[in-house]
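Here's the letter readout for the chains.
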Amino acid sequence: MMPYSVARLTWRAPAIVGGLCIAATLATTFTAEAQDAGSGQMSAFSALVTWIPFILKGFLLNLLMSVLAMALATVTGLFLGFMQISPSAFIRLPAKFVTHLFRNSPWLVILFAIMLLVPFQVTLPGGEKVLIPDWVKATIGFALPVMANIAEILRGAIASIPSGQWESAESLAFTRGQTLRHIILPQCVRRMLPPWMNWYALLTLMTPMAAILGVSEALGNTQAAMEAAGSRPEFLIPFYLFLMTIFFVFIYPLSIYTRRLERRFSAGS
């Protein structure tokens, strides 16, 4: 077993890294401010402070895309996972194909495909035209690979339940649906929750890819802010370190809670 002091240091290492990022951001911006004090130019720190609300507005869009994409991926992933365990090959085989297709495709390729294939507007039956924003299409693109992985998580969780429980339920005249609903799925929830949270954290970290396609999220707003402030080289480190820091502050507590759930559920199994 890992010594307590080493384990504690390992546990706190990401927090130490996050603190170093914040310290580096402050040190860099204050150094740049001191250098620019006599030149009459806006310092890196002043520019960052000015544009922080704009960057945070983009970060809220990152969070919105991650929540909506995870909700969509969870619903469709569970449906796809149930299809994978269907007794009928006509349902099971297509579901497995879709799962493996999206699990083994690059996220950026899926994102580009959705952006190009989904129209920018749809016409309702009444003739009214509705625009589809780029961030909505990006949300769909992010949901697809996560959907496939959630389907595989569900399939794996169900497969991990001992076969004796299926046999016992069958001996009690339970139907397959009743066995899943009352016996199997309640045990699968705790097995699925930690990997589900891991995938949400990964999904959130992937959302800045939407900036490549013109979505005004945190990364896109950060680049736009630096251009508006003059595109000076000294802006790069403080602006991007600030961007890394806000993602770290949001993701790291989730990772801590996920580890606690893993320990709790493994101890209870």
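In what follows, the structure referred to is the one given above.
Residues numbered from 1 in each chain as written. Predicted model: local features only at pLDDT ≥ 70, side-chain atom pairs only at ≥ 80, totals over all residues. Heavy atoms only, no water.

Draft legend 1. Structural detail: the packing of aromatic side chains. With the rule as written, the count across this model stands at seven aromatic pairs. Geometrically, the ring pair formed by tryptophan 51 and phenylalanine 54 is edge-to-face, given 5.6 Å between the ring centres and 70° between the ring planes. Note that tryptophan 51 and phenylalanine 54 are positioned in helix 2 (residues 44–84) at a spacing of three residues, about one turn of the helix. Exposure remark for tryptophan 51: the relative accessible area of 24% places this residue in the partly exposed category. We classify phenylalanine 54 as partly exposed; its relative accessible area is 31%. Between phenylalanine 248 and tyrosine 252, the ring centres sit 5.2 Å apart and the planes meet at 10°, which makes this aromatic pair stacked. Separated by four residues within a single helix, phenylalanine 248 and tyrosine 252 lie in helix 9 (residues 236–268), roughly one turn from each other. (Phe/Tyr/Trp six-rings, centres within 6.5 Å; stacked < 30°, edge-to-face > 60°. Helix = DSSP H or I, 4+ residues; strand = E, 2+ residues; numbered from the N terminus. Buried < 20%, exposed > 50% of the residue type's maximum accessible area, 1.4 Å probe, protein only.)

Draft legend 2. The arrangement of a nonpolar patch on the surface in detail. Taken together, the side chains of Leu108, Phe112 and Ile212 make up a nonpolar region of the molecular surface, amounting to roughly 250 Å² of accessible area. Assessed through its relative accessible area of 35%, phenylalanine 112 is described here as partly exposed. (Patch = residues over 30% accessible without salt bridge, like charges linked within 9 Å, V, L, I, M, F, W, Y side chains within 5 Å. Areas by Shrake-Rupley, 256 points an atom, 1.4 Å probe, with all protein chains shown as cover. Salt bridge = Lys/Arg side-chain N within 4 Å of Asp/Glu carboxyl O.)

Draft legend 3. Structural context of the side chain of asparagine 221. Relative to the assigned elements, asparagine 221 resides in helix 8 (residues 218–228). When its relative accessible area of 5% is taken as the criterion, asparagine 221 is described as buried. Beyond its immediate stretch of four places on either side in the chain, asparagine 221 contacts Phe54, Ile55, Lys57, Gly58 and Ser216. (Contact = heavy atoms within 4.5 Å.)

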